[in-house]
Amino acid sequence: MSDRVIIFDTTLRDGEQSPGCSMNTAEKLEVALALVELGVDVIEAGFPIASPGDFEAVQTIARQFGDRGPKICGLARCREEDIDRAGSALQDAQNKRIHVFLATSSIHRQYKLKMDKAEIVQKAVESVARAKAFCDDIEFSPEDAARTELDFLCEVVEKAIAAGATTVNIPDTVGYATPSQYFHVISHLKKNVSNIARAVISTHCHDDLGLAVANSLAGLEAGARQVECTLNGLGERAGNAALEEIVMALRTRQDHYNLTTGINTKKLCAASRLVSTITGMIVQRNKAIVGQNAFAHEAGIHQHGMLQERTTYEIMRPEDVGFTGSNLVLGKHSGRHAFRDRIVQLGYQLDERTFEKVFDDFIALCDKKKNVYDADIVALVENRSTEAPDRWKLATLHTSAGTGSIPTATIQLHEDGQPIVCDAAIGDGPVDAVFNALERITGISARLQNYQVRSLSVGKEAQGEVLVEIVHNNHVFHGKAASTDIIEASAQAYLKALNKAAANRHTQKPLHAQHE
Ligand code: KIV
Ligand code: ZN
């Protein structure tokens with residue numbers, strides 16, 4: 001059996017299903033590029049029949065990256081129209097895969113599908129065969145496999161392989177499995193499915209009990225050779241197995257697992273940051289591998305040990321995952337060359353135009369704060385490189401607030417290259433006044449569901465990063481921005497979220513991957 005694990009990334013499909021994490025095609029392309037650079041083997045780019053936006057995104061990614069390394073995959077239910085739509089979205093890719101799924105557990109058979117076992121097997125077989133007309137590489141997933149009777153699971157998997165499935169994925173759809181049980185399921189399939197050697201077994205674990213990574217690793221120990229995962233563990237409810245955790249567990253504990261991946265681990269932190277910026281889903285500080293505290297040693301005894309010998313308390317080197325702390329790097333006199341070097345070290349490749357803009361922003365930032373840290377540079381790059389063609393852009397902002405006065409905000413916006421639009425509002429504080437003024441100008445009213453400010457580095461002059469989460473027309477939108485002025489960062493973040501709402505970037509999905 002090969003010791004190479006296939007990394008199947010589903011950030012753009014299962015991850016994107018997380019509420020408020022919808023991405024438009026331009027954003028999906030950015031994430032796809034980061035995944036190509038990371039070296040994933042398969043990119044699940046979306047669920048083409050879900051919406052025209054999903055179709056367009058899969059098609060665009062297939063056209064752009066479908067001959068550059070990773071396979072581009074599209075999801076389909078076991079329905080003719082789904083499979084044909086996936087086939088057509090992937091038409092222009094050389095390296096492609098269609099992923100068909102159908103629930104098999106008794107709960108899903110009885111309540112969701114209202115189909116008996118024989119009907120399920122027949123549908124699965126017909127669907128794999130139909131998908132085979134579009135490409136050779138077909139993945140079949142018996143949804144809710146971890147709660148499916150083992151003998152029936154073996155039967156469906158065997159027939160799907162006989163019909164042409166080249167990968168059989170074993171989803172723990174509801175995050176119910178435990179490591180030893182999941183190990184048993186995969187081992188059972190390996191022993192009891194006569195043609196199992198003709199397909200790769202894959203894991204797909206959700207994190208409802210916090211066991212997604214542990215279950216995926218148990219699956220690999222039992223003989224699976226593909227892992228389905230997402231950056232930052234993005235995904236609905238508690239999310240999917242985190243790509244960065246699986247990859248680093250395999251690498252750090254090579255002695256135990258004896259398995260390898262093709263991932264360029266130095267790109268992990270940059271990819272994680274990109275997904276966080278685009279989705280607005282903040283990575284918790286103590287998140288393994290990519291969290292801000294992942295390599296921080298606070299306790300004196302640990303610091304002492306580290307000074308003597310790094311490996312006393314550090315099992316991975318921060319540089320191996322592209323981790324950047326709040327180390328002091330550059331200042332006003334550092335110059336273009338040093339700045340460019342630092343950007344490359346941080347894992348970014350900017351075109352000349354973007355680089356010049358980021359450099360101008362850096363010079364402007366140096367006027368506001370003496371010390372510029374890696375985290376500041378990351379914020380500058382992300383601000384520029386994720387610049388979507390937004391309808392409104394902030395032109396000017398003035399607020400006044402103080403004890404015994406009424407907080408007010410006056411704002412001017414550029415709208416689609418039109419003359420400046422302007423309005424003012426009051427609020428119960430300057431941030432509230434800013435949000436009210438923005439809503440008056442854009443004509444979009446939203447409910448603020450979450451608002452967070454955090455410091456990007458150290459010191460009173462540090463940039464503040466603001467995250468907002470708003471609800472508009474029952475959809476969630478995120479916005480994130482950083483500035484040394486947190487009122488300005490708040491305005492930029494709120495405007496980003498309003499722009500997303502206006503563009504209806506939450507491409508409403510009439511169908512959901514988990515439900516028939
Ligand atoms: O969790 C799940 O079962 C899925 C399938 C579509 C593979 O995401
Ligand atoms: Zn899933």
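Residues numbered from 1 in each chain as written. Chains lettered and ligands numbered in written order. Predicted model: local features only at pLDDT ≥ 70, side-chain atom pairs only at ≥ 80, totals over all residues. Heavy atoms only, no water.

## Focus on the overall build of the protein
- Looking only at helices and strands, the protein features 18 helices and 16 strands.
- Against the globule reference of 24 Å for 516 residues, the protein gives a C-alpha radius of gyration of 24 Å, in line with a compact fold.
- Dimensions of the protein, computed from the C-alpha atoms along their principal axes, are close to 75 × 60 × 40 Å.
- When the 516 residues of the protein are sorted by exposure, 55% land in the buried category.
- For the protein, long-range pairs separated by at least 24 residues make up 67% of all intrachain contacts whose partners lie at least 6 apart in sequence.
- One way to put it: in the protein the 55 positive side-chain charges average out to a point 1 Å from where the 67 negative ones average out. (Helix = DSSP H or I, 4+ residues; strand = E, 2+ residues; numbered from the N terminus. Rg over C-alpha atoms; globule rule 2.2 N^0.38 Å. Buried < 20%, exposed > 50% of the residue type's maximum accessible area, 1.4 Å probe, protein only. Contact = heavy atoms within 4.5 Å. Lys, Arg positive; Asp, Glu negative; His and termini not counted. Charge placed at Lys NZ, Arg CZ, Asp CG, Glu CD.)

## Topic: the site of ligand 1
- Near ligand 1 you find 12 residues, and of these Arg-13, Asp-14, Thr-173, His-204 and His-206 are the closest.
- Within the contact set of ligand 1, an oxygen atom lies 3.0 Å away from a side-chain nitrogen or oxygen of Arg-13.
- Between ligand 1 and His-206, the relevant distance is 3.0 Å, taken from an oxygen atom to a side-chain nitrogen or oxygen of the residue.
- Taking 260 Å² as the accessible area of ligand 1 by itself, protein coverage stands at 100%.
- Every element with two or more residues in the shell around ligand 1 is listed here: α1 (11-15), β4 (96-103), β5 (138-143) and β6 (167-172).
- Among the residues forming the shell around ligand 1, the class breakdown is 2 nonpolar, 7 polar and 3 charged. (Near = heavy atom within 4 Å. Polar contact = N/O pair within 3.5 Å; in protein donor to acceptor, adjacent residues only side chain to side chain. Areas by Shrake-Rupley, 256 points an atom, 1.4 Å probe, with all protein chains shown as cover. Nonpolar A, V, L, I, M, F, W, Y, C, P; charged D, E, K, R; others polar.)

## Some points on the nonpolar core
- Residues Leu-38, Val-100, Phe-140, Val-157, Ile-170 and Leu-243 are the most contacted members of the largest nonpolar core, which totals 97 residues.
- Counting residues per element, this core draws most heavily on helix α7 (residues 150-163), which supplies 8 residues.
- Residues contacting Leu-38, with those up to four places away along its chain left out, are Leu-231, Leu-243, Gly-262, Ile-263, Asn-264, Lys-267, Leu-268 and Ala-271.
- In terms of nonpolar packing, the next biggest core, distinct from the first, is built from 29 residues, Trp-392, Leu-438, Ala-446 and Ala-497 among them. (Core = buried A, V, L, I, M, F, W, Y, C linked by side-chain atoms within 4.5 Å.)

## What to know about the coordination of the zinc ion (ligand 2)
- Those protein atoms acting as donors to the zinc ion (ligand 2) are Asp-14 (OD), His-204 (NE2) and His-206 (NE2), and they sit at 2.0 to 2.2 Å.
- When the donors of the zinc ion (ligand 2) are listed by position in the chain, the intervening gaps give D-x189-H-x1-H. Of this pair, Asp-14 sits in helix α1 while His-204 sits in strand β7 (residues 200-205), and the two are 190 residues apart along the sequence. Residues Asp-14 and His-204 agree in their burial class; the two are buried. (Donors = N, O, S within 2.8 Å, 3.2 Å for Na, K, Ca; no water.)

## So, the pattern of salt bridges
- Across all of its chains, the model carries 32 salt bridges by this definition.
- Note that Arg-13 and Glu-44 form a salt bridge whose closest N and O atoms lie 3.0 Å from each other. Linking Arg-13 in helix α1 with Glu-44 in strand β2 (residues 42-46), this pair joins segments that are 31 residues apart in sequence.
- We classify Arg-13 as buried; its relative accessible area is 6%.
- In this structure Glu-44 comes out as buried when scored by relative accessible area, which is 0%.
- Arg-440 serves as the salt-bridge partner of Asp-423, at 3.3 Å between the closest nitrogen and oxygen. Within this pair, whereas Asp-423 is found in strand β13 (residues 418-426), its partner Arg-440 is found in helix α17 (residues 430-442), the two being separated by 17 residues in sequence.
- Here Asp-423 falls in the partly exposed class, since its relative accessible area comes to 25%.
- A cluster of three or more residues bridged by salt bridges with shared partners is formed by Arg-251, Lys-266, Arg-317, Glu-319 and Asp-320. (Salt bridge = Lys/Arg side-chain N within 4 Å of Asp/Glu carboxyl O.)

## Notes on the sheet that holds β13
- Reading across from one edge, β11-β12-β13 is the order of the 3 strands in this open sheet, with antiparallel pairing throughout. Every interior strand has two partners, whereas the edge strands, β11 (392-400) and β13, have only one. Across the sheet, the axes of successive neighbouring strands diverge by a mean angle of 15 degrees, strand direction being ignored.
- As defined by bridge partners, β11 adjoins strand β12 (residues 408-415) across 8 bridges and the pair is classed as antiparallel. By the bridge assignment for β12, Thr-399 is matched with Ala-409.
- Along the sheet, α17 makes contact with β11, β12 and β13, crossing β13 at roughly 135 degrees. (Pairing = 2+ DSSP bridges. Axes fitted to C-alpha atoms, helices over the stretch in contact; angles between N-to-C directions.)

## Some thoughts on helix α2 (residues 25-38)
- With 14 residues, α2 ought to run about 20 Å at 1.5 Å a step, and its terminal C-alpha atoms sit 20 Å apart, in line with that.
- Along α2, the residues classified as buried are Thr-25, Glu-27, Lys-28, Leu-29, Val-31, Ala-32, Ala-34, Leu-35, Val-36 and Leu-38.
- By the N-cap criterion, in which a side-chain oxygen at the helix start approaches the backbone nitrogen of a residue two or three places on, α2 is capped by Asn-24, the distance to Ala-26 being 3.2 Å.
- Remark: Gly-39 follows α2 within two positions and exhibits a positive phi of approximately 95 degrees. (Expected span 1.5 Å × (residues − 1).)

## Quick look at the sheet that holds strand β14 (residues 447-455)
- The strand order across the open sheet built from 3 strands is β14-β15-β16, with neighbouring strands paired in antiparallel fashion. The strands lining the two open edges of the sheet, one partner per strand, are β14 and β16 (475-483). This sheet shows a mean twist of 15 degrees between the axes of neighbouring strands, independent of strand direction.
- Pairing between strand β15 (residues 464-472) and β16: 9 bridges, direction antiparallel. Within the sheet, the bridge partner assigned to Leu-467 lies in β16 and is Lys-480.
- Where helix α18 (residues 486-502) meets the sheet, it contacts β14, β15 and β16, and its direction lies at approximately 150 degrees from that of β16.

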